[in-house]
Amino acid sequence: MSPWGWFLLQTLCLLPTGAAPRRGAPASANCELKPQQSELNSFLWTIKRDPPSYFFGTIHVPYTRVWDFIPDNSKEAFQQSSIVYFELDLTDPYTISALTSCQMLPHGENLQDVLPRDIYCRLKRHLEYVKLMMPSWMTPDQRGKGLYADYLFNAIAGNWERKRPVWVMLMVNSLTEVDIKSRGVPVLDLYLAQEAERLRKQTGAVEKVEEQCHPLNGLNFSQVIFALNQTLLQQESLRAGSLQIPYTTEDLIKHYNCGDLSSVIFSHDSSQVPNFINATLPPQERVTAQEIDSYFRQELIYKRNERMGKRVKALLEEFPDKGFFFAFGAGHFMGNNTVLDVLRREGYEGDE
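Everything quoted here is computed from the prediction, not taken from an experiment.

### Let's talk about the overall build of the chain
Scanning the chain from terminus to terminus reveals 16 helices and six strands. The buried share among the 352 residues of the chain stands at 48%. Of the roughly 17300 Å² of accessible surface on the chain, 52% is carried by carbon and sulfur atoms.

What follows is the structure in C-alpha cells.
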C-alpha cells in the first residue's frame, strides 16, 4: 500500500454534516416538528481530508421541487469540489443509447409475441387512454416551452411494443398525470450534471449502464408478468378512482425537503422500482411480491452499494489531492449495507 493509501485509511472519516440553516427555503415543506427534528440533516456527508470530499443523496424528481430546500452547505460543497461523480454519466449520449438498447426485446421480438394475450390487450388499452388524456394533463408552462402531448407520449412510450416487459412495467408506472406534469424540467441528478459541465468541473460515473440495466432484465418471466399485471391493476384502479397510492412523488419530495433520513421511500426511488407488497394480495402473490422486492433490494441497492463504494475508495486513493462530490440516489446512503458502510468496512472510520 502506498504511503498515501495508509494515510487515508488512518485519517479519512465519514460523518453526516449537520443541517445548515435553510436560508430562503419556502415554508411549503410542511415538516412536522418532532423532538428529533434537530437530528435531521441534509443529505450531505463529509469525507474528512484535505481538500474535503462529499457524498450527496439525490432523488429523481424535477430539481425545481427541491432546490430551495437544499441547505447552503450542500450547495457550497458542490461549488468547492473540483470533480463531480454520478452513478451514470447522464450527459453522455452513449449512456442514453446504451439504456435504450438494453431495454429492447432480443431477436426482433414484439411484446405481442411474449405477453399473455389478456395482459397485452389491457396494456394497449391503458396506453391508448394515456395518449388520449395527455393533452389535458400537460401544464400551460409545458405548452409554453413548446412541448406537445404527441411528442411527449412518443418520447416516453414510443416503440413500447419492442421493449422488454420489465421496462414497459416501469414506463407504465411513470405515465401518470403527476409525472407528466413534471416532464420538461431536469431531475435533480441531471441538473447537477448540467451545472457541473457549465462550471467546467471534471465529471465521471461510478457505474456502467449495463450494471444498472442487466439486473432488471434478470427477473424471471413469471415475476415480470406478475409485476406488469400489478402495475396495470394499480393504474386501472386509479383511473376508476378506487385507489390511493401509498407513496406518491409528493410524499417523496416532502420527506426529502424535510431532511427525513429514515424514510423507506428512498430505496424505491433509488432502485427506480415500485413496491408491489401490499396487504390485499393473496398469500401466494404476496410471496411473489416479496421475492421481487428482495431481488431488487439485493441487485439494485446492496450489490450496487458494494461496487459503488469500492470504486469511490479507488478514486479517493488515486487522487488524494482532489476534492470530490459524489451525487448518488439518497437510498444508497440509508438502511443496511450503504455506500457509507462499504467505505467504513474498507477502513474509513467515521461517526454516525
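Now that the structure is up, let's keep going.
### A word on the confidence of the model for the chain
Looking at the chain, pLDDT values average 82 and 81% of them are 70 or higher. When mean pLDDT is taken per element in the chain, strand 4 (residues 83-86) scores highest with 98 and helix 1 (residues 3-11) scores lowest with 21.

### Focus: the pattern of salt bridges
Across all of its chains, the model carries 18 salt bridges by this definition. Ionic pairing is found between glutamate 207 and arginine 307, a salt bridge with its closest N-O pair at 3.3 Å. In this pair, glutamate 207 is assigned in the loop between strand 5 (202-205) and helix 11 (209-217) and arginine 307 in helix 15 (residues 283-318), connecting sequence segments 100 residues apart. Looking at glutamate 207, the relative accessible area reads 6%, which means it is buried. Owing to a relative accessible area of 24%, arginine 307 belongs among the partly exposed residues under this scheme. Two residues, arginine 345 and glutamate 306, come together in a salt bridge whose shortest N-O distance is 2.6 Å. Here arginine 345, found in helix 16 (residues 339-345), pairs with glutamate 306, found in helix 15; they are 39 residues apart in sequence, far enough to count as distant. By relative accessible area, glutamate 306 is classed as partly exposed at 26%. Several salt bridges converge on common partners, so that one network encompasses Glu87, Glu207, Glu211, Arg304, Arg307 and Arg311.

### Section: unusual backbone geometry
Residue proline 51 follows aspartate 50 across a cis peptide bond; omega there is 0 degrees. Here proline 51 shows up in the loop between strand 2 (41-47) and strand 3 (53-58). We note that asparagine 159 has phi near 65 degrees; this positive angle belongs to a residue other than glycine. Mapped onto the fold, asparagine 159 is located in the loop between helix 7 (149-157) and helix 8 (165-174). Backbone geometry places asparagine 337, a non-glycine residue, at a positive phi of 50 degrees. Within the element layout of this structure, asparagine 337 appears in the loop between strand 6 (324-329) and helix 16. Taking the relative accessible area as the measure of exposure, asparagine 337 reaches 39% and is therefore partly exposed.

### Some details on the packing of aromatic side chains
Taken as a whole and assessed by the stated rule, the structure comprises 18 aromatic pairs. Ring centres of tryptophan 67 and tyrosine 191 lie 5.1 Å apart, and the angle between their planes is 75 degrees; this geometry places the pair in the edge-to-face category. Remark: tyrosine 191 occurs in helix 10 (residues 188-198) and tryptophan 67 occurs in the loop between strand 3 and helix 2 (72-80); sequence separation between them is 124 residues. Aromatic rings pair up to connect Trp45, Phe55, Tyr85, Phe319, Phe324, Phe326, Phe328 and Phe333 into one cluster. Sitting above the plane of the tyrosine 129 ring, arginine 239 keeps its charged end 4.3 Å from the centroid.

### Examining the state of the cysteines
Scanning the entire structure with this criterion turns up one disulfide. Each sulfur of the disulfide joining cysteine 102 and cysteine 213 lies 1.8 Å from the other. Judged by the torsion about the S-S bond (-115 degrees), the cysteine 102/cysteine 213 disulfide is left-handed. Taken as a pair, cysteine 102 in helix 3 (residues 93-102) and cysteine 213 in helix 11 lie far apart in primary sequence, 111 residues in all. No difference in accessibility class separates cysteine 102 from cysteine 213, as the two residues are buried.

### Observations concerning the side chain of glutamine 235
With respect to the helices and strands, glutamine 235 occurs in helix 12 (residues 221-240). In contact with glutamine 235, other than residues within four places in its own chain, are His126, Val172, Asn173 and Thr176.

### Some points on the nonpolar core
Counting residues in hydrophobic clusters, the biggest one holds 45 residues, and the most contacted among them are Leu111, Leu115, Leu123, Met134, Met171, Leu175 and Ile180. Elements supplying a minimum of two residues to this core: helix 3, helix 5 (117-137), helix 7, helix 8, helix 11, helix 12 and helix 15. Sequence-distant contacts of methionine 134, defined by excluding residues within four places in its chain, comprise Ala149, Leu152, Phe153, Leu175 and Ile180. Counting residues in each nonpolar core, the second largest holds 42 residues, with Phe56, Val66, Phe325 and Phe328 among its members.

### Notes on the environment of asparagine 73
Assignment of secondary structure puts asparagine 73 in helix 2. Asparagine 73 sits 29 residues away from leucine 44 along the chain, and the two C-alpha atoms are 8.3 Å apart.

### A closer look at the packing of helix 8 against helix 12
In the contact formed by helix 8 and helix 12, the axes pass within 9 Å of each other and the chain directions differ by 20 degrees. The angle between the axes of helix 8 and helix 12 places the two elements in the roughly parallel class. Crossing geometry of helix 8 relative to helix 12 is assigned as left-handed. From helix 8, Pro165, Val166, Val168, Met169, Val172 and Asn173 reach across to helix 12, where they touch Val224, Ala227, Leu228, Thr231, Leu232, Gln234 and Gln235. Grouping the amino acids of the contact of helix 8 with helix 12 by side-chain chemistry returns nine nonpolar, four polar and no charged.

Criteria and thresholds
Residues numbered from 1 in each chain as written. Predicted model: local features only at pLDDT ≥ 70, side-chain atom pairs only at ≥ 80, totals over all residues. Heavy atoms only, no water. Helix = DSSP H or I, 4+ residues; strand = E, 2+ residues; numbered from the N terminus. Buried < 20%, exposed > 50% of the residue type's maximum accessible area, 1.4 Å probe, protein only. Areas by Shrake-Rupley, 256 points an atom, 1.4 Å probe, with all protein chains shown as cover. pLDDT = per-residue confidence, 0-100. Salt bridge = Lys/Arg side-chain N within 4 Å of Asp/Glu carboxyl O. Phe/Tyr/Trp six-rings, centres within 6.5 Å; stacked < 30°, edge-to-face > 60°. Lys NZ or Arg CZ within 6 Å of the ring centre and 35° of its normal. Disulfide = S-S within 2.5 Å. Contact = heavy atoms within 4.5 Å. Core = buried A, V, L, I, M, F, W, Y, C linked by side-chain atoms within 4.5 Å. Axes fitted to C-alpha atoms, helices over the stretch in contact; angles between N-to-C directions. Parallel < 35°, antiparallel > 145°, perpendicular 65-115°, else oblique. Left-handed = near helix turned anticlockwise from the far one by under 90°. Nonpolar A, V, L, I, M, F, W, Y, C, P; charged D, E, K, R; others polar.

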